[in-house]
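# An overview of the molecular structure
Given next are the chains, with one letter for each unit.
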Number of protein chains: 2
Amino acid sequence: MDIITIERKVLEKNDAVAQQNRALLSRHGIFAFNLVSSPGSGKTSILEKTLEHLKGKTEIAVVEGDVQTDLDARRIAAYDVPVIQIVTRGGCHLDAQLIHDAIGNLPLDRIKILIIENVGNLVCPANYDLGETMKVVVVSTTEGDDKPLKYPGMFRNASVLIINKTDLVPYVNCNLEQLRQNALQINPQLKIFETSCTTKQGIAEWAGWLLSRAQNK
Amino acid sequence: MDIITIERKVLEKNDAVAQQNRALLSRHGIFAFNLVSSPGSGKTSILEKTLEHLKGKTEIAVVEGDVQTDLDARRIAAYDVPVIQIVTRGGCHLDAQLIHDAIGNLPLDRIKILIIENVGNLVCPANYDLGETMKVVVVSTTEGDDKPLKYPGMFRNASVLIINKTDLVPYVNCNLEQLRQNALQINPQLKIFETSCTTKQGIAEWAGWLLSRAQNK
């Protein structure tokens, strides 16, 4: 019982800090999304393509979450946007306090969109509100079409699903229609995009939608 | 401090049960491996190909760990081996007690190899000893070559690395030699296999090695 009680307290404390983050971001009119997926689904590549597409159209900052290394922050730094790397040293998710500390170091007055790339993990980040406007879950076609059923928490808590690596569909065992159906069975409200960072399919549609959401915030 | 203390106690309790599992499996001469990876790396497909290859050559049982659903156990049941499904309902890893309860329901006298398919997660299962003979980590080429550096705990604690989906190398951004180097930088003792469940490349080598290890136990 002790463990459950403490876990509840941890989540309650996290939610309180998340509300502070949400209020702070809202005061500055920042649209923040929390990008979650398995390791290797292509979160950083989608982020890169989004930065390319929105360059000159809006102001973006990035918070990178990783278990170890600053490899992702170094990739993003090439795009000349403010980027902060959080290394969790074994932790399987970001939490609201880590985001609180990170955004305190960002020029919030000059940012319109904050992209938080969470640790690659389809389980743990589902329960941790960071104060984001919405969660965006990425699943790649190479992971198969059953992932929404096997990891429902993440798909239930997300507002957007990006199905990535559509260029690999001819080579893998993944039925796109089945994947969409499985996702909508878990969460009928999901807005779904299909992308390929290799062919750039769907990037303009996703980035355009994101920009219009941020501008109407 | 409370949380850290309790987490240590949880791991200590887990390790004590893991030692009981290890002793029980050892008494029955069972070679047990704990198959870990990201969601969608192909653990279940490798398991299926391994069962096909070793059919009639040894006796295998399977424990399937999933956050939700018994989809994987149903796939494995088609191979006519004893299979037990553990559903963690949100938990991001199996633990020794779950395995203790599961193997109590298996005909241990008639089993030579026990395959435990963990929850798809490159972070949490690294710290939980289940009493297995060894951990086998799977990474697919579609995840990129940087995963050992970004998720070092899992690669440090594994004895074997299976690089899966080698048939997709021409279509993805993954340098196999770099992936091998990154893995060996984290853990120079890793035994590495390269497999494709589509072309069956490497399956005979992996399954043959597994069989000889089990026979020499």
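Everything discussed here concerns the structure shown above.
Presented here is an overview of the structure given in this document. (Residues numbered from 1 in each chain as written. Chains lettered and ligands numbered in written order. Predicted model: local features only at pLDDT ≥ 70, side-chain atom pairs only at ≥ 80, totals over all residues. Heavy atoms only, no water.)

Turning our eyes to something else, we now look at the state of the cysteines. All names here are of chain A. Enumeration over the complete set of coordinates arrives at two disulfides over all chains. Covalent S-S linkage joins Cys92 and Cys124, the inter-sulfur distance amounting to 2.5 Å. Taking the sign of the torsion about the S-S bond as the criterion, the disulfide between Cys92 and Cys124, at about -100 degrees, is left-handed. Taken as a pair, Cys92 in the loop between β3 (83–87) and α4 (96–103) and Cys124 in the loop between β4 (113–117) and β5 (134–140) lie far apart in primary sequence, 32 residues in all. Since its relative accessible area comes to 8%, Cys124 is described here as buried. (Disulfide = S-S within 2.5 Å. Helix = DSSP H or I, 4+ residues; strand = E, 2+ residues; numbered from the N terminus. Buried < 20%, exposed > 50% of the residue type's maximum accessible area, 1.4 Å probe, protein only.)

This paragraph deals with the nonpolar core. With 50 residues, the main nonpolar core has Val137(A), Phe155(A), Leu161(A), Val137(B), Phe155(B) and Leu161(B) as its most contacted residues. Where this core is concerned, the elements lending two or more residues are β5, α6 (152–157), β6 (160–164) and α7 (176–186) of chain A together with β5 (134–140), α6 (152–157), β6 (160–164) and α7 (176–186) of chain B. Contacts of Phe155(B), omitting those with residues within four sequence positions, involve Leu122(B), Val137(B), Val139(B), Lys147(B), Pro148(B), Leu161(B), Ile186(B), Asn187(B) and Leu190(B). (Core = buried A, V, L, I, M, F, W, Y, C linked by side-chain atoms within 4.5 Å. Contact = heavy atoms within 4.5 Å.)

Glancing now at the environment of Pro188(B). Residue and element names in this part refer to chain B. Note that Pro188 resides in the loop between α7 and β7 (191–194). Residue class for Pro188 comes out exposed when judged on its relative accessible area of 59%. Along the backbone, Pro188 and Phe155 are 33 residues apart, and their C-alpha atoms lie at a distance of 10.0 Å.

Moving on, we get to the relation of the copies chain A and chain B. It takes a turn of 180 degrees to lay chain A on chain B, together with a shift of 0.0 Å along the axis; the resulting RMSD is 0.0 Å. Viewed as a symmetry operation, the transformation between the two copies matches a two-fold axis. Comparing interface residues between copies, 100% of those in chain A also sit at the interface in chain B, which points to an isologous, same-surface contact. (Least-squares fit on C-alpha atoms with pLDDT ≥ 70 in both.)

It is worth spelling out the packing of helix α2 (residues 43–54) of chain A against helix α8 (residues 203–215) of chain A at this point. All names here are of chain A. Viewed as axis vectors pointing N to C, α2 and α8 meet at an angle of 70 degrees, and their least axial separation amounts to 10 Å. One finds that α2 runs roughly perpendicular with respect to α8. In this structure, α2 crosses over α8, and the sense of that crossing is right-handed. Touching Ile46, Lys49, Thr50, His53 and Leu54 of α2 are Ile203, Ala204, Trp206, Ala207, Leu210 and Leu211, all from α8. Here the contact of α2 with α8 is composed, by residue class, of eight nonpolar, two polar and one charged. (Axes fitted to C-alpha atoms, helices over the stretch in contact; angles between N-to-C directions. Parallel < 35°, antiparallel > 145°, perpendicular 65-115°, else oblique. Left-handed = near helix turned anticlockwise from the far one by under 90°. Nonpolar A, V, L, I, M, F, W, Y, C, P; charged D, E, K, R; others polar.)

For side chains of opposite charge, pairing can occur when their charged atoms come near one another. Residue and element names in this part refer to chain A. This structure, assessed with the given rule, holds 22 salt bridges over all chains. Of the charged contacts, one joins Glu132 and Lys135 as a salt bridge, the two residues approaching to 3.1 Å between their closest N and O atoms. The same class applies to Glu132 and to Lys135, which are both buried. Within this structure, Lys49, Glu52 and Lys200 form a network of salt bridges that share partners. (Salt bridge = Lys/Arg side-chain N within 4 Å of Asp/Glu carboxyl O.)

Attention shifts here to the interface of chain A and chain B. Taken together, the contact between chain A and chain B spans 35 residues of the former and 35 residues of the latter. Both faces considered, chain A and chain B share a buried interface measuring about 2600 Å² in area, 66% of it formed by carbon and sulfur atoms. The residue Asp72(A) makes a salt bridge to Lys150(B) at a minimum N-O spacing of 2.7 Å. Applying the counting criterion to the chain A and chain B interface returns eight residue pairs in polar contact (both at pLDDT 80 or more). When residues of the side of chain A that touches chain B are traced back to their parent elements, those giving at least two are α1 (2–27), α3 (71–77) and α5 (147–150) of chain A. Here the side of chain A that touches chain B gets four residues from one element, more than from any other, and that element is α1(A). Taken together, the residues of the side of chain A that touches chain B sort by class into 17 nonpolar, nine polar and nine charged. (Buried area = accessible area lost by both parts, 1.4 Å probe. Polar contact = N/O pair within 3.5 Å; in protein donor to acceptor, adjacent residues only side chain to side chain.)

Attention now moves to the sheet that holds β6(B). All names here are of chain B. The seven strands lie next to each other as β3-β2-β4-β1-β5-β6-β7, forming an open sheet whose pairing is parallel. One side of each edge strand has no neighbouring strand; the edge strands of this open sheet are β3 (83–87) and β7. Going from strand to strand, the sheet's axes swing by 20 degrees on average, the running direction of each strand aside. Where β6 and β7 come together, four bridges link them in parallel fashion. In the strand pairing of β7, Ile162 is matched with Phe193. Relative to strand β1 (residues 31–36), helix α8 (residues 203–215) is tilted by about 145 degrees, and along the sheet it contacts β1, β4 (113–117), β5, β6 and β7. (Pairing = 2+ DSSP bridges.)

Residue and element names in this part refer to chain A. Pairing within the open sheet is parallel, and its seven strands lie in the order β3-β2-β4-β1-β5-β6-β7. Here the strands that pair on one side only, and so sit at the sheet edges, are β3 and β7 (191–194). Going across the sheet, the axis of each strand differs from the next one's by a mean of 20 degrees, ignoring polarity. Here strand β1 (residues 31–37) runs beside β5; their pairing, made up of five bridges, is parallel. Considered in β5, the bridge of Ser37 is made with Val138. Set on the sheet, α4 makes contact with β2 (60–66), β3 and β4; between it and β3 the angle comes to about 145 degrees.

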